[in-house]
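# Results of the structural survey
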Amino acid sequence: MPTEEEMGRLARLAGLALRPEEVAYYTKEVSAILHWIERLQEVDVSAVKLHGGSVSVPERADQVTEADRHDEVLVNAPDSQDGWFAVPKMIQSA
């Protein structure tokens, strides 16, 4: 089960500013979820028949159906660089 320190680090990596009491709360909640997952892994499902489904998905050839709209799409971008969407860096080095 995760520790409060691990949950705090995970929150920081996710860009969440959690108060210590929130870290404690989410640590407890995640631990409970993981406990239920462990319990589910103990269930014997060997007698359960797999159901492959009866829905068939039609296959089609992988073909380009529209002309190149690269420049048209980039016009809507807030920022572009060298023909690509430019986005701000989200992950910083630790």
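We now turn to the structure provided with this report. Throughout, a residue's number is its position along its own chain's written sequence, starting from 1. In view of the model being predicted, local features appear only for residues whose pLDDT reaches at least 70, and side-chain atom pairs are presented and counted only at 80 or more, with totals across whole chains, interfaces and linings using the full set of residues. Water and hydrogen atoms play no part in the side-chain values, which are based on all heavy atoms of the structure.

### Regarding the overall build of the chain
Each helix and strand counted, the chain has 3 helices and 2 strands in total. Helix numbers and strand numbers start at the N terminus; a helix is a DSSP run of H or I with at least 4 residues, a strand a run of E with at least 2. Its helices and strands in sequence order give the chain the pattern α-α-α-β-β, from N to C terminus. For this measure, only C-alpha atoms enter the radius of gyration; the expected value for a globule follows 2.2 Å times N^0.38, where N is the number of residues. The C-alpha radius of gyration of the chain comes to 24 Å, more than 25% above the 12 Å expected for a compact globule of 94 residues. Reported as C-alpha extents along the three principal axes, the dimensions of the chain are approximately 50 × 45 × 20 Å. Only protein chains enter the accessibility calculation, which uses a 1.4 Å probe. A residue is then buried if its area is under 20% of the maximum for its type, exposed if over 50%, and partly exposed in between. The proportion of buried residues among the 94 residues of the chain is 10%. For the accessible areas, the method is Shrake-Rupley and the probe is 1.4 Å, while residue cover comes only from the protein chains on display. For the chain, the accessible surface area stands at approximately 9400 Å², while carbon and sulfur atoms represent 56% of it.

### Examining the packing of aromatic side chains
Working definition: a ring pair exists when centres of Phe, Tyr or Trp rings (six-membered ring for Trp) sit within 6.5 Å. Plane angles under 30 degrees give stacked, over 60 give edge-to-face, the rest tilted. Evaluated as defined, the whole model comprises 1 aromatic pair. Centroid distance Tyr25 to Tyr26: 5.1 Å. Interplanar angle 75 degrees. Geometry classified as edge-to-face. A relative accessible area of 45% means that Tyr25 is categorised as partly exposed.

### Topic: the side chain of Thr27
Looking at the secondary structure, you find Thr27 in helix 2 (residues 20-41). Polar contacts involving the side chain of Thr27 include one to the main-chain carbonyl oxygen of Val23, which spans 2.7 Å. Note on definitions: a residue-residue contact is assigned when non-hydrogen atoms from the two residues lie within 4.5 Å. Discounting residues that sit within four places of it in the chain, Thr27 has contacts with Pro2, Thr3, Glu4 and Met7. Polar contacts, as counted here, are pairs of nitrogen or oxygen atoms within 3.5 Å of one another; within protein the pair requires one atom able to donate a hydrogen and one able to accept it, and residues that are adjacent in sequence qualify only if both atoms are side-chain atoms.

### So, the packing of helix 1 (residues 4-13) against helix 2
Lines fitted to the C-alpha atoms define the axes, with helices restricted to the stretch that makes contact. Angles between their N-to-C directions range from 0 to 180 degrees. Orientation of helix 1 relative to helix 2, taken along the N-to-C sense of each, is 105 degrees, at an axis distance of 9 Å. Of the possible angle classes, the one that applies to helix 1 and helix 2 is roughly perpendicular. For the pair helix 1 and helix 2, contact is made by Glu4, Met7 and Gly8 and by Val23, Ala24, Tyr26, Thr27 and Val30, respectively. Asp, Glu, Lys and Arg are counted as charged, while Ala, Val, Leu, Ile, Met, Phe, Trp, Tyr, Cys and Pro are counted as nonpolar; the rest, among them Gly, fall into the polar class. For the contact of helix 1 with helix 2, the class distribution of residues is 5 nonpolar, 2 polar and 1 charged. Orientation is classified from the angle alone, with under 35 degrees giving roughly parallel, over 145 giving roughly antiparallel, 65 to 115 giving roughly perpendicular, and any other angle giving oblique.

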